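# Summary of the model geometry
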Amino acid sequence: MNKRPAVFFDRDGVLNHDIGYLYRKEDFQWIDGAIQAIKYFNDHGYWVFVITNQSGVARDFYCEADVRTLHSWMNQELGRHNAHIDDFYYCPHHTEGKIEQYRADCTCRKPKPGMILKAIAEWPINLNKSFIVGDRKSDLEAAQAAGLSGFLFKGGNLYDFIKERLEHAAI
């Protein structure tokens, strides 16, 4: 497979409204322009990934199957618009988790770059043209730790935000 650029999206606060510990499709609401942004990258030959901290698993608010079910549903919804996410990476760990097996200071929890590095190992990614879009400092710190650029999204229309950044960036 030829190497392609990738965009790594944080999930909550970037692709969907952050309501805190989201795991049910009934509570999911796309950010304005999110579907259009994902489709833009699909149409322009980018891999599209989600990298998301999901400490709700460690905190026993929901389980990993709930996270995977929501991600599958997101791709079903995107499919209605001829768009898709190539892969989802999530970190279920937290140092203060209630569930022993998830109580950890792991390498995948942002701001550490573990989820990004896993994607890089699993997919043929052109790192020079890849970047992360997140809504928190920890997202940009993970990008930097993985050697990627990062854009801080503070709300509004994601597609408009992306288009403006790409016009001014050398990506």
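Heads up: these notes are all about the structure in this document. Just so you know, these numbers come straight off a predicted model, no measurement behind them.

All right, on to the pairing of strand 5 (residues 149–152) then. As paired elements, strand 4 (residues 131–134) and strand 5 share four bridges and run parallel to each other. For Phe131, the partnering residue across the bridge sits in strand 5 and is Ser149. Between strand 4 and its parallel partner strand 5, the chain crosses via helix 4 (residues 137–145), and the hand of that crossover is right-handed.

What follows covers the nonpolar core. Core analysis: the largest hydrophobic core is formed by 33 residues, its most contacted members being Phe9, Leu15, Phe41, Val133 and Leu158. Counting residues per element, the ones that place at least two in this core are strand 1 (6–9), helix 1 (34–43), strand 2 (47–53), helix 2 (64–79), strand 4 and helix 5 (158–168). In terms of residue count, helix 1 provides more of this core than any other element does, six residues in total. Residues within four places of Phe41 in sequence aside, it is in contact with Val7, Phe9, Tyr46, Val48, Phe131, Ile162 and Leu166.

A few words on the side chain of Asn42. Within the element layout of this structure, Asn42 appears in helix 1. Under the relative-accessibility criterion, Asn42 is labelled buried at 15%. Not counting the four nearest positions on each side in its chain, Asn42 is found in contact with Val48, Asn82, Ala83 and His84.

On to the packing of aromatic side chains. In total, this model carries 16 aromatic pairs according to the counting rule given. Consider the rings of Phe28 and Trp30, whose centres lie 4.8 Å apart with planes at 80 degrees: the pair is edge-to-face. Residue class for Phe28 comes out buried when judged on its relative accessible area of 9%. What makes Trp30 buried here is its relative accessible area of 15%. An aromatic cluster is defined as three or more aromatic residues linked by ring pairs; in this entry it consists of Phe9, Tyr40, Phe41, Tyr46, Phe131, Phe151 and Tyr159. Here Arg4 stacks its cationic end above the ring of Trp47, 3.7 Å away from the centre of that ring.

Conventions adopted
- Residues numbered from 1 in each chain as written.
- Predicted model: local features only at pLDDT ≥ 70, side-chain atom pairs only at ≥ 80, totals over all residues.
- Heavy atoms only, no water.
- Pairing = 2+ DSSP bridges.
- Helix = DSSP H or I, 4+ residues; strand = E, 2+ residues; numbered from the N terminus.
- Right-handed = clockwise from strand over helix to strand, strands pointing away.
- Core = buried A, V, L, I, M, F, W, Y, C linked by side-chain atoms within 4.5 Å.
- Buried < 20%, exposed > 50% of the residue type's maximum accessible area, 1.4 Å probe, protein only.
- Contact = heavy atoms within 4.5 Å.
- Phe/Tyr/Trp six-rings, centres within 6.5 Å; stacked < 30°, edge-to-face > 60°.
- Lys NZ or Arg CZ within 6 Å of the ring centre and 35° of its normal.

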